[in-house]
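The lines below spell out each chain.
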Amino acid sequence: MRTNSKSLGLVTKKFNDFFLVDLKNHENTSNSEKFLCKMRKSINFKDQLIYVGDKVVIEKIDLKTKRAVITSLKKRKNLLVRPSVANISNIYITFSVEEPQLNLSQVNRFLISAESMGVEVSLVLTKCDLISDTRRFALIDKFEKWGYQAITLNLDKSDHFNDLLAELKQKECSIFMGPSGVGKTTLLNMIIPGLQNSTAPVSKKIKRGKNTTRNVELFSVSNQSYIVDTPGFNMQPLDVDIRSLPNLYSEIYKQVINEGIKCKFRNCLHLNDVGCNLNKSFERYSFYKEMIESAKSHYYQNQED
Ligand SMILES: Nc1nc2c(ncn2[C@@H]2O[C@H](COP(=O)(O)OP(=O)(O)OP(=O)(O)O)[C@@H](O)[C@H]2O)c(=O)[nH]1
Ligand SMILES: [Mg+2]
Ligand SMILES: [Zn+2]
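Description of the structure in this document. (Residues numbered from 1 in each chain as written. Chains lettered and ligands numbered in written order. Predicted model: local features only at pLDDT ≥ 70, side-chain atom pairs only at ≥ 80, totals over all residues. Heavy atoms only, no water.)

1. So, the packing of helix α3 (residues 159-168) against helix α4 (residues 184-191)
Using the following cut-off: Interaxial angles span 0 to 180 degrees and are taken between N-to-C directions of axes, which are lines fitted to C-alpha atoms, for helices over the stretch in contact. Each helix is a run of H or I in the DSSP string that is no shorter than four residues. Each strand is a run of E no shorter than two, and both are numbered from the N terminus. In what follows, roughly perpendicular refers to angles from 65 to 115 degrees, roughly parallel to angles under 35, roughly antiparallel to angles over 145, and oblique to any angle outside these ranges. By definition, residues are in contact when any of their heavy atoms lie within 4.5 Å.
Close contact between α3 and α4 brings their axes to 11 Å; oriented N to C, the two are set at 75 degrees. Between α3 and α4, the angle is such that the two are roughly perpendicular. In this structure, α3 contributes Phe161, Leu164, Leu165 and Leu168 to the contact, and α4 contributes Leu187, Met190 and Ile191.

2. Re the pairing of strand β9 (residues 90-96)
Spelled out, the test is: Each residue is assigned to one of three classes by its accessible area relative to the maximum for its type, calculated with a 1.4 Å probe on protein chains only: buried under 20%, partly exposed between the two thresholds, exposed over 50%. Between any two strands, at least two bridges found by DSSP are needed for them to pair.
For β9, a buried count of seven out of seven residues is recorded, marking the element as mostly surrounded by other parts of the structure. Of the two faces of β9, the one carrying Asn90, Tyr92, Thr94 and Ser96 and the one carrying Ile91, Ile93 and Phe95 are both buried. Across seven bridges, the pairing between β9 and strand β10 (residues 120-126) is parallel. If you follow Phe95 over to β10, its bridge partner there is Leu125.

3. Looking at the coordination of the zinc ion (ligand 3)
Condition: Each metal's donors comprise the N, O and S atoms found within 2.8 Å of it (within 3.2 Å for Na, K or Ca). Water is not part of the atom list, so some coordination spheres may appear incomplete. A four-donor site is classed as tetrahedral when every donor-metal-donor angle falls between 85 and 135 degrees; four donors are called square planar, and six octahedral, when trans pairs exceed 155 degrees and all remaining angles lie between 65 and 115, with any other arrangement labelled irregular.
Within the protein, the zinc ion (ligand 3) binds to Cys263 (SG), Cys268 (SG), His270 (ND1) and Cys276 (SG); these donor distances fall in the range 2.1 to 2.4 Å. Coordination at the zinc ion (ligand 3) is tetrahedral: its four donor atoms span angles of 105 to 112 degrees at the metal.

4. Let's talk about the packing of aromatic side chains
Note the cut-off: Planes of paired rings set the category: under 30 degrees apart is stacked, over 60 is edge-to-face and the rest tilted, where pairs are Phe, Tyr or Trp rings (Trp by its six-membered ring) whose centres lie within 6.5 Å. We call a charge positioned over a ring when the NZ of a Lys or the CZ of an Arg lies within 6 Å of the ring centre and within 35 degrees of the ring normal.
Throughout the structure, instances matching the rule amount to seven aromatic pairs. With a centroid separation of 5.5 Å and an interplanar angle of 80 degrees, the aromatic rings of Phe95 and Phe110 are classed as edge-to-face. Residue Phe95 is located in strand β9, and its partner Phe110 is located in helix α1 (residues 104-115); the two are separated by 15 residues in the primary sequence. Neither Phe95 nor Phe110 differs from the other in exposure class; each is buried. Its end group placed over the ring of Phe18, Lys38 keeps NZ or CZ at 5.1 Å from the ring centre. Looking at Arg136, its charged tip hangs above the ring of Phe137, at a distance of 4.8 Å from the centre.

5. Re the site of ligand 1
What counts here: For this description, a residue counts as near a given molecule or strand if any of its non-hydrogen atoms is within 4 Å of it. Here a polar contact is taken to be a pair of N or O atoms separated by no more than 3.5 Å, where protein atoms must pair a possible hydrogen donor with a possible acceptor and residues adjacent in sequence count only if both atoms sit in side chains. In these tables, accessible area is a Shrake-Rupley quantity obtained with a 1.4 Å probe, and a residue counts as shielded only by the protein chains included in the view.
Taken together, 19 residues form the shell around ligand 1, and within it Ser180, Lys184, Thr186, Thr212 and Thr213 come nearest. A distance of 3.3 Å separates an oxygen atom of ligand 1 from a polar atom in the backbone of Val182. Interatomic distance of 2.8 Å between a side-chain N/O atom of Thr185 and an oxygen atom of ligand 1. Taking 660 Å² as the accessible area of ligand 1 by itself, protein coverage stands at 86%.

6. Observations concerning the nonpolar core
Counted only if it meets this: Within this scheme, the nonpolar core is defined by two criteria: the residues are buried Ala, Val, Leu, Ile, Met, Phe, Trp, Tyr or Cys, and they are joined through side-chain atoms within 4.5 Å.
With 55 residues, the main nonpolar core has Ile91, Ile93, Leu123, Leu125, Phe143, Leu245 and Tyr288 as its most contacted residues. Elements with a contribution of two residues or more to this core: β9, α1, β10, α2 (133-146), β12 (173-177), β14 (225-229), α5 (245-248) and α7 (285-304). When residues in this core are grouped by element, the largest group, six residues, is from α7. With residues near it in sequence (within four places) discarded, Ile91 still touches Leu80, Ala114, Met117, Val119, Glu120, Val121, Ser122, Ile175 and Met177. Grouped together as the second largest cluster of nonpolar side chains are 17 residues, Phe161, Leu165, Leu168 and Ile227 included.

Right, here's the structure in full:
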C-alpha cells in the first residue's frame, strides 16, 4: 500500500545509494518505523550530500515493503566531518583509563576538535574498574582543571552509568567519539537493552583496539533522543583556524572573559608575544602552544603550495 502523503524522517544509516530513514509519528505507522529510501532521481543532490543525522522529507511511502523516496533535505544545524554526522547536539569524548592507556595529548585533540563544533562537549572515562579510586579521583581533578567534569564509568558499578543514561535521554542527538577499543560500543549496548552490536577485546600485544565498529549509525534512546556509535580513530594534529583556538581552551577564555585580562594586542595568540598578560601556568598550555605552532606551519605550507 502506497500513501501519497509526505512525511518528515531522520536518516539513521547510510549505505551505498540507500538510506535508512526513521519515520516518527506518521499517521499510518506505529511509533517509530524505519524505511529503506533512495533519493528522488530528478533531484540533483550532488552538492547536497545526505548524511546520517539529516532530517529529510520522504514521499511515495510504501507501508508494506517499507520503502520510500527522499525528496528534499531540511536545513542542518551542523555537520561533523569525521565521522560525517549531521545535527549533533552533544559530543561525548570517550577514552579508557587503561587498555588502551590514556593519552593526554589525544584526549586534548579530541576535546578541542569537538569544541570547535560549538556544541556541548563532555568527557567520559571508561574502564575505571582497572584503576584505584585514588587514581580515578586524581584524573577527575586533572580534567576539572581542563574545564570538564569527567564521567567515570566502571563496568561493575552502575551509579555513574545511570546518571549518564538519564542525561542522554534529555539530549537530542549525542555522539560517542574516541579511539578504537575504549568501549564505545560496549557502552551503547548497555544504554540500549537488546542491542547487541559487536565489540572486541583490545589486542594483547599492542594494546590497541581492533577497529570493530565500521559504520556510523544512529540509535533511538527515547522518544526524542538519539545516540551515535562511531568507528574509533586517532586524531591528527589539527588544521583549525588559529584565531579561534584561544576560545576553545577554558583556561584561556576564562581569564579573558571572567577575569578581563587584556594583552597589548587584541588578537594576541598568547605565545611569546610582547605585552601578553595571560597566566600560562596551566597544564594544557604546552598542548595549546603545540597546536598553534602546528596550525601556523599548516597555514604557511598552504600559502607556498
Ligand atoms: N575492564 C573493562 N573492559 C571494558 C569496559 N568497557 C569495555 N570494555 C572492553 O573493551 C573492549 C573494547 O570494547 P568496544 O566496545 O568494542 O570498543 P569500541 O570503542 O567500540 O572500539 P571500536 O569499535 O574499535 O572503535 C571489549 O573487550 C570490552 O569488553 C570496562 O568498563 N571495563
Ligand atoms: Mg565500536
Ligand atoms: Zn596574550
